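# Observations on the model geometry
The chain contents come next:
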Amino acid sequence: MNLFDTLTPAPPDAILGLTEAFKADERPEKINLGVGVYQDDQGRTPVMASVKAAEKVLLETESSKSYLSIGGAPDYKTHVQRLLLGEGHPALHAERVRTAHTPGGTGGLRVGAELLKQLRPDATVWLSDPTWANHRGIFTAAGFRVEVYPYYDAAHKGLNEAGMMTALDGVPADDIVLLHVCCHNPTGVDLTEAQWSAVGRLAADRRWTPFLDFAYQGLGVDLETDRRGLLALVDQVPELFVASSFSKNFGLYRERTGALSLMAATASAATAAFSHLEKTIRVLYSNPPAHGGLIVTTVLNDPALREQWEAEVATIRERIQSVRSALVVGLKERGVDRDFSFIESQKGMFSFSGLTDSQVAFLREQKGIYIVKGGRINVAGITSGNLDYLCDALAEALKPAG
Ligand code: LMR
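Because the structure is a prediction, the values reported are computed rather than measured. (Residues numbered from 1 in each chain as written. Predicted model: local features only at pLDDT ≥ 70, side-chain atom pairs only at ≥ 80, totals over all residues. Heavy atoms only, no water.)

## So, the domain arrangement of the protein
We note that the domain assignment places domain 1 (16-47 + 306-396) and domain 2 (67-301) within the protein. Placing a centre on the C-alpha atoms of domain 1 and another on those of domain 2 gives a separation of 27 Å. Between domain 1 and domain 2, the contact holds 20 residues from the first and 24 residues from the second. Interface area, domain 1 with domain 2, both sides summed: about 2,100 Å², of which 66% is carbon and sulfur. Interface area lost by domain 1 to domain 2 is led by W309, K347 and F352, which between them contribute 33%. At the junction of domain 1 and domain 2, the tally comes to zero salt bridges. Counting across the interface, domain 1 meets domain 2 through nine residue pairs in polar contact (both at pLDDT 80 or more). Where the side of domain 1 that touches domain 2 is concerned, the elements lending two or more residues are α12 (303-333) and β11 (350-352). It is α12 that contributes the most residues to the side of domain 1 that touches domain 2, seven residues altogether. Split by residue class, the side of domain 1 that touches domain 2 holds 10 nonpolar, five polar and five charged. (Domains from an automatic or database assignment. Contact = heavy atoms within 4.5 Å. Buried area = accessible area lost by both parts, 1.4 Å probe. Salt bridge = Lys/Arg side-chain N within 4 Å of Asp/Glu carboxyl O. Polar contact = N/O pair within 3.5 Å; in protein donor to acceptor, adjacent residues only side chain to side chain. Helix = DSSP H or I, 4+ residues; strand = E, 2+ residues; numbered from the N terminus. Nonpolar A, V, L, I, M, F, W, Y, C, P; charged D, E, K, R; others polar.)

What follows is the structure, given as structure tokens:
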């Protein structure tokens with residue numbers, strides 16, 4: 001029998017599969033609110049001006065396409081660490097942090113998972129309920145058992161603080177807990193500083209290992225405030241992992257530009273751990289793609305480009321915030337009696353709308369509006385051109401039966 005003859009097609013990816021279906025949809029009024037990709041008010045996902053300027057510099061100055069080292073270029077790693085923790089952070093001074101340039105944040109999660117599997121083969125990985133659809137796949141593919149801890153309180157459209165803290169208090173030592181540093185995907189509900197400190201205390205007391213997913217720095221409040229959850233944990237635990245990404249805050253989606261950083265208790269432990277991480281990377285993809293990392297390094301090395309980039313990140317954030325407000329107003333204007341004001345306090349690209357799966361299916365089938373199952377809306381896909389159509393369709397979907 002042939003190898004592939006018995007196969008039936010795998011189900012489409014919960015998020016990226018939606019984009020493919022959207023592309024194939026011929027209705028001109030269609031709207032893609034699925035994948036977390038930023039769009040401006042014209043519905044474009046532009047290359048940032050600071051990124052274009054850096055690419056021009058690179059076109060002139062890049063002198064080789066030879067391999068990067070397994071962990072990537074030293075300058076890139078330094079910039080990643082400073083963005084994550086802030087320049088001059090004591091953990092950086094103590095050389096307890098090591099960073100590898102990885103193909104996107106997903107690559108960072110996956111190599112981190114692979115290293116953890118070698119170190120803690122029997123651990124369970126705890127994910128927030130709900131979480132980004134790919135987290136489960138990544139940790140399961142690395143061979144882990146996966147459990148969830150309560151996170152979202154659907155009734156109050158906020159954090160289920162008591163449920164989360166009780167569950168994290170009960171996580172066994174040496175297990176791994178995945179936490180979203182900011183702009184929680186899919187809910188947009190983040191922890192306060194005090195809640196982060198409490199999580200850090202639990203991690204330290206219970207001796208589980210935090211694995212932080214930090215894909216939206218700058219899209220929540222600002223670059224500094226968005227890192228405070230990470231800082232709270234770095235202050236309290238000896239070891240942790242951070243997977244970070246420049247897909248959203250540099251708009252480098254297809255350049256696959258991310259990182260895995262690990263923090264160890266001492267510099268020598270960090271050096272040893274990093275050598276094992278390099279071995280893990282070598283057998284997975286050998287070494288990272290260079291272009292996105294060079295762009296980030298070029299922008300962050302140049303004070304004027306850096307300033308321009310920070311302003312561009314602020315523009316993205318502000319547009320998302322204004323779209324949130326416009327959506328709330330638009331629904332109210334259409335007499336939708338459910339209170340949607342929570343959309344304005346959620347952070348980042350996503351809003352957990354509370355739409356049921358059948359409402360999501362109605363919007364896709366009848367209206368050509370693509371939303372991830374579970375009701376996650378990418379608010380950055382809403383424009384002044386599609387807002388009215390969207391609000392009309394949402395009002396219709398939400399209309400009580402009868
Ligand atoms: C998302 O959640 O939509 C993004 O992180 C893109 C992806 O890879 O799923």
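## Digging into a nonpolar patch on the surface
A cluster of nonpolar residues, L3, F4 and L7, forms a patch on the protein surface that exposes about 400 Å² of accessible area. With respect to the helices and strands, L7 occurs in the segment before α1 (16-24). Using a relative accessible area of 59% as the deciding quantity, one classes L7 as exposed. (Patch = residues over 30% accessible without salt bridge, like charges linked within 9 Å, V, L, I, M, F, W, Y side chains within 5 Å. Areas by Shrake-Rupley, 256 points an atom, 1.4 Å probe, with all protein chains shown as cover. Buried < 20%, exposed > 50% of the residue type's maximum accessible area, 1.4 Å probe, protein only.)

## Considering the environment of E239
In this structure, E239 sits in the loop between α9 (228-236) and β9 (240-245). For E239 and W208, which are 31 residues apart along the polypeptide, the C-alpha to C-alpha distance reads 9.5 Å. When near neighbours in sequence (up to four residues on either side) are disregarded, E239 contacts T209, P210, M263, A264 and A265.

## Remarks on the pattern of salt bridges
Here the structure, examined in full by the defined rule, presents 14 salt bridges. For D25, the salt bridge goes to R27, with nearest N and O atoms at 2.8 Å. Judged by its relative accessible area of 25%, R27 falls in the partly exposed class. For R306, the salt bridge goes to E310, with nearest N and O atoms at 3.1 Å. Taken together, the positions of R306 and E310, both in helix α12 and four residues apart, correspond to about one turn of that helix. By sharing partners, the salt bridges in this structure join R334, D388 and D392 into a single network.

## Considerations on the pairing of strand β8 (residues 209-214)
By the criterion of burial, β8 is predominantly enclosed, with six of the six residues buried. Alternating positions in β8 separate into two faces, T209, F211 and D213 on one and P210, L212 and F214 on the other, with burial throughout. Pairing of strand β7 (residues 176-180) with β8, which is carried by five bridges, proceeds in the parallel orientation. Within the sheet, the bridge partner assigned to I176 lies in β8 and is T209. For the handedness criterion, the β-α-β arrangement of β7, helix α8 (residues 193-206) and β8 is classed as right-handed. Note that β8 and β9 share four bridges and pair parallel. Within the sheet, the bridge partner assigned to F214 lies in β9 and is S244. Running through α9, the crossover from β8 to the neighbouring parallel element β9 is right-handed. (Pairing = 2+ DSSP bridges. Right-handed = clockwise from strand over helix to strand, strands pointing away.)

## Quick notes on unusual backbone geometry
Of the consecutive residues D129 and P130, the connecting peptide bond is found in the cis state with omega at 5°. Position of P130 relative to the elements: it lies in the loop between β3 (124-129) and α6 (133-141). Along the chain, N185 connects to P186 via a cis peptide bond; the corresponding omega equals 20°. In this model, K157 sits at a positive phi of 55°, which is unusual for a non-glycine residue. By the element assignment, K157 lies in the loop between β5 (152-153) and β6 (158-159). By relative accessible area, K157 is classed as partly exposed at 25%. With a phi close to 60°, R207 is a non-glycine residue in the positive phi region. The class of R207 is exposed, set by a relative accessible area of 56%.

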